[in-house]
Amino acid sequence: MTRLSAHDLSVGYNKKVLIGGIELEIDAGEVVTLIGPNGAGKSTVLKSITRHLDLLGGTVYVDGEDAKSLTFRNFATKFSVVLTERLKTERMTCEEIVAAGRYPYTGFFGKLTQGDREIVAESMALVGASELADTPFEAISDGQRQRILLARAICQQPQIMVLDEPTSFLDIRYKIELLGVLRRLATEKKMSVVLSLHEIDLAAKISDKIVCVDGDRVLSAGTPEEIFRGDTVRRLYGLVRGDYNLLFGSVEMEKPQGTSRVFVLAGGGAGISVYRALQRRGIAFSTGILSENDVDYQVARSLATSIVSVPAFASVGEEDVARAAEETERAGALLAACRKFGETNARAEQLIALAERSGIPVYSSAAEVPEGSTEEGKDAE
Amino acid sequence: MKEQTKKALRCEIGFTLLALGVLVAVILNIWVGSANISVADVFKILFTDAFEGDAVNTIVWDLRLPRLCAAALLGGALGVSGYLIQTYFRNPICSPFELGISSGAKMVLAFCTVVVTNFLGGMSGVSMVLASFVGSLISMGFVLLCAGKTKNMAILLIIGIMIGYICSAVTDLIITFAKQEEIVNLTFWSMGSFSGTDWKDVAVIAGFVLTAFAGTLLLIKPIGAFQLGEGYAQSMGMNVRLFRVLVILLSSLLSACVVAFAGPVSFVGIAVPHLTKLIFNTSKPSVILPGSFLLGALFCLICDLIARTIFAPTELAIGTVTAIFGAPVVIAMLLNSRRKSA
């Protein structure tokens, strides 16, 4: 059965609907990630699910039951949260913060039983923060704080955990660790995890489902494979400059303007750093002769003005060299990123020889390409 | 585990020292004063009939004892109400005094005093508390109305101070148009003092303060959760709205009691909860609530002792003394929190 579902949800602030018609379905053990640009309303959706904001329409069901009908305490045993608001504590140890998660289970005065203490210790161990137990919360780093807050949420023993941008302020190591713990909770403890993320590459890697939130509506929802097919990300984030490579989850800067000034002879990954170096200097380039399953090809698509390519697993033919030679001549310079040639790219060597014969300068690194001189030289001719 | 036993030990030592402090302060308050009574005589007066019918007997039993009871109870009330307000606004730099709540109580009480004494004769202790409770709630309501409009704590504090000014101005206005004999009373009272308390007053004070304090002890668990912020508190299953109403009512009642019987007393509400946290090195409400009560009592007993003895027979206003001791603490707090956030 679906553990958490939202039907025709309308959310917003001060009775003003921001996003309407939201449909969500989350099963036990699933990780669902909300992505979308800043201010798109990811937090609003999450806060409405956790009852921090009043629903403006629609219903949230937990195990088939209307969430509105649950008492505060019952609700707290099903949901726990990690919020974006920064915790302002005074003289509280990390253990005390984590132990606060036992609130729905303790008695009138909130005294912890031995069982509660064990759960607290277990939660802290799960996020790898056991050694912080007696440290004051004010004295630890952002990454450690986030782990403690996660431990607090785990300690509440919920079925559904809702996290609003849990990875902001964290460096890459903590990001990976934190998301790793979430994934483990989902897989091993069958917890349902709903979170919002800015890192779409990480979202693609940890989520079972992705929901794209864009301003006034939910753009689309589905598996990462469905969402990241085509140009959903470019559309969602209104990416006009730069590019986002879905396969690598990497970001490329804006393609250099103008006509190609150098032809980069690349392949087998040798080209990527050269492409990026040329982009930094604003030098437009063309590249080849790349097989379409070459890693260089992925980045070249984002950065090169034109690519001379051959289908995957096909060998480079005479006509491909001719096309590359043409490009080289038009650019007026050749940059040989790789000097190692095997069976499949033996013909690349021909290109270098060809260029040398016709007096076209051959460089071996991006730094050697002169600043704008090629273009001026061409104009002079 | 070692850390936990260390904390528990610190707690025990802290409470023992505070209790001893209160005891010593009580003895000093009975002993020291403009009438010279030896320590031995004090004990004889307290525990035997040796001085029955004597003037010193009256001084101890009808002047010093009720006065010190009032100082202790109201001091405790100040500490606890300060702690509640600080918890509510999640800000260490506020108390009923700063937010204009005491001034509101003062205003309504002054108004009632003038009106009632003109038409009905004097006011009873209970009606005084109720009048200032109404006043507290009025200005508290106004502060909350503003709090709903702005999340900015600095603005809220300024609004509170402004409310305080307005209420004080209105109080002055009332005093200006009061009769001669009332003026003397009101002016003296509006400066704040524990003098002139009798056993009847103490009974009323004890009734209100101890009830309200017991009420706050019932809130120990939610107060602890609320320290993590409203969002987390709610997500842990707390009824935040109900909690807020209860905290407002309790802290207003406590500060209303103080205003009714001692006038507005500054700095105790701010400084005591902070000092308590410093002493116990924790912010657990189960420790800080009773701690604040004891420390508030101790603080006021000492301040009152100073107020009535240092320039005897002239008495100082209690606010004068609490400010001298309390203000440096507040300054240190501000500087300290600035350093932490920088």
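Residues numbered from 1 in each chain as written. Chains lettered and ligands numbered in written order. Predicted model: local features only at pLDDT ≥ 70, side-chain atom pairs only at ≥ 80, totals over all residues. Heavy atoms only, no water.

As a further point, take the overall build of chain A. A tally of regular secondary structure across chain A gives 14 helices and 17 strands. For chain A, the proportion of its 381 residues judged to be buried stands at 51%. Summarising the internal contacts of chain A: among those between residues at least 6 apart in sequence, 66% fall at separations of at least 24. Only carbon and sulfur atoms are counted for the fraction: they give 51% of the accessible area of chain A, which is about 17600 Å². (Helix = DSSP H or I, 4+ residues; strand = E, 2+ residues; numbered from the N terminus. Buried < 20%, exposed > 50% of the residue type's maximum accessible area, 1.4 Å probe, protein only. Contact = heavy atoms within 4.5 Å. Areas by Shrake-Rupley, 256 points an atom, 1.4 Å probe, with all protein chains shown as cover.)

So, about the overall build of chain B. On a plain count of helices and strands, chain B comes out with 14 helices and 0 strands. Relative to the globule expectation of 20 Å for 342 residues, the C-alpha radius of gyration of chain B, 20 Å, shows essentially globular dimensions. Judged by the C-alpha coordinates and their principal axes, chain B covers about 65 × 55 × 35 Å. Out of the 342 residues in chain B, the part that is buried amounts to 53%. Contacts spanning at least 24 positions in sequence make up 76% of the contacts within chain B whose residues lie at least 6 apart. Carbon and sulfur atoms make up 71% of the accessible area of chain B, which amounts to about 15100 Å² in all. Here chain B contributes 22 positive and 16 negative side-chain charges, whose respective centroids are spaced 20 Å apart. (Rg over C-alpha atoms; globule rule 2.2 N^0.38 Å. Lys, Arg positive; Asp, Glu negative; His and termini not counted. Charge placed at Lys NZ, Arg CZ, Asp CG, Glu CD.)

The next point concerns the sheet that holds strand β13 (residues 262-265) of chain A. All names here are of chain A. Here we have 5 strands laid out as an open sheet, ordered β15-β14-β13-β16-β17, and parallel in their pairing. If you trace the sheet from one side to the other, it starts and ends with β15 (306-310) and β17 (362-363), each paired once. Here strand β14 (residues 285-291) runs beside β15; their pairing, made up of 4 bridges, is parallel. Within β15, the position partnered with Ser291 by the bridge is Val310. (Pairing = 2+ DSSP bridges.)

In this section: the packing of helix α3 (residues 55-89) of chain B against helix α12 (residues 268-280) of chain B. All names here are of chain B. Taken N-terminus to C-terminus, the directions of α3 and α12 make an angle of 80 degrees; their axes are 7 Å apart at the nearest point. Taken together, the axes of α3 and α12 are roughly perpendicular relative to one another. Contacts between α3 and α12 involve Gly75, Leu78, Gly79, Gly82, Tyr83 and Gln86 on the former and, on the latter, Val268, Gly269, Ile270, Val272, Pro273 and Lys277. Per-class residue counts for the contact of α3 with α12 are 6 nonpolar, 5 polar and 1 charged. (Axes fitted to C-alpha atoms, helices over the stretch in contact; angles between N-to-C directions. Parallel < 35°, antiparallel > 145°, perpendicular 65-115°, else oblique. Nonpolar A, V, L, I, M, F, W, Y, C, P; charged D, E, K, R; others polar.)

Our next topic: the interface of chain A and chain B. For an interface, size is often stated in terms of accessible area lost upon the parts coming together. In this assembly, 36 residues from chain A lie in contact with 30 residues from chain B. Between chain A and chain B, the buried area comes to about 2900 Å², and carbon and sulfur atoms account for 54% of it. For the interface between chain A and chain B, the tally reads 3 salt bridges. Lys7(B) serves as the salt-bridge partner of Glu96(A), at 3.6 Å between the closest nitrogen and oxygen. Taken together, the elements giving at least two residues each to the side of chain A that touches chain B come down to α2 (72-78), β6 (79-82), α3 (94-99) and α5 (142-155) of chain A. Taken together, the residues of the side of chain A that touches chain B sort by class into 15 nonpolar, 9 polar and 12 charged. (Buried area = accessible area lost by both parts, 1.4 Å probe. Salt bridge = Lys/Arg side-chain N within 4 Å of Asp/Glu carboxyl O.)

Here we come to a nonpolar patch on the surface. Residues and elements named next belong to chain B. Nonpolar side chains collect at one region of the surface, where Leu9, Ile13, Leu17, Leu20, Leu23, Ile27, Trp31, Val39, Phe43 and Phe47 lie side by side and expose about 960 Å² of accessible area between them. Of all elements in the fold, only α1 (2-31) and α2 (39-47) reach the threshold of two or more residues within the nonpolar patch. The biggest single contributor to the nonpolar patch is α1, with 7 residues. Considering the arrangement of structural elements, one finds Leu23 in helix α1. (Patch = residues over 30% accessible without salt bridge, like charges linked within 9 Å, V, L, I, M, F, W, Y side chains within 5 Å.)

Our focus in this paragraph is unusual backbone geometry. All names here are of chain A. Looking along the chain, the bond that leaves Gly288 and enters Ile289 is cis, with omega of -15 degrees. By secondary structure assignment, the location of Ile289 is in strand β14. Here the phi dihedral of Arg51 falls at roughly 65 degrees; this positive angle occurs in a residue that is not glycine. Considering the arrangement of structural elements, one finds Arg51 in the loop between α1 (42-49) and β4 (57-62). The phi dihedral of Glu165 falls on the positive side, at around 40 degrees, and the residue is not glycine. For Glu165, the position within the fold is in the loop between β7 (160-163) and α6 (172-189).

Ranked by size, the top nonpolar core spans 181 residues in total, and within it Ile148(A), Leu150(A) and Phe89(B) carry the most contacts. With 17 residues, the single largest contributor to this core is α3(B). Judged by nonpolar contacts, the second largest core, of 21 residues, contains Ile272(A), Leu278(A), Leu335(A) and Val369(A). (Core = buried A, V, L, I, M, F, W, Y, C linked by side-chain atoms within 4.5 Å.)

Residue and element names in this part refer to chain B. Taken N-terminus to C-terminus, the directions of helix α4 (residues 101-119) and helix α5 (residues 125-149) make an angle of 135 degrees; their axes are 7 Å apart at the nearest point. Taken as axis vectors, α4 and α5 run oblique relative to one another. Here the hand of the crossing between α4 and α5 comes out right-handed. Of the residues in α5, those touching α4 at Ile101, Gly104, Ala105, Val108, Leu109 and Cys112 are Met128, Ala131, Ser132, Gly135, Ser136, Ile138, Ser139 and Met140. Taken together, the residues of the contact of α4 with α5 break down into 9 nonpolar, 5 polar and no charged. (Left-handed = near helix turned anticlockwise from the far one by under 90°.)

The predicted coordinates should not be examined in detail at positions where pLDDT is low. Residues at a pLDDT of 70 or more form 96% of chain A, whose mean pLDDT is 87. Below a pLDDT of 50 lies the segment residues 373-381 of chain A, which in the model reaches 9 contacts outside its immediate sequence neighbourhood of four places, other chains included. (pLDDT = per-residue confidence, 0-100.)

With that settled, consider α6(A). Because an α-helix packs 3.6 residues into every turn, residues spaced three or four apart end up facing the same way. Residues and elements named next belong to chain A. Given a rise of 1.5 Å per residue, 18 residues ought to cover 26 Å, and the 25 Å separating the end C-alpha atoms of α6 matches this to within 8%. Within α6, the full set of buried residues consists of Tyr174, Lys175, Leu178, Leu179, Val181, Leu182, Leu185 and Ala186. Here the buried residues of α6 occupy an arc of 145 degrees about the axis, which is enough to place them on one side. Opposite its buried face, α6 presents the exposed residues Ile172, Arg173, Ile176 and Glu188, each directed more than 90 degrees away. (Expected span 1.5 Å × (residues − 1). Arc of directions from axis to C-beta.)

Bringing the state of the cysteines into the picture now. All names here are of chain B. Summed over all chains, the structure comprises 0 disulfides over all chains. Of all cysteine sulfurs, the one in Cys167 lies closest to Cys146, which takes part in no disulfide; the gap is 12 Å. Given the relative accessible area of 15%, Cys146 is considered buried. (Disulfide = S-S within 2.5 Å.)

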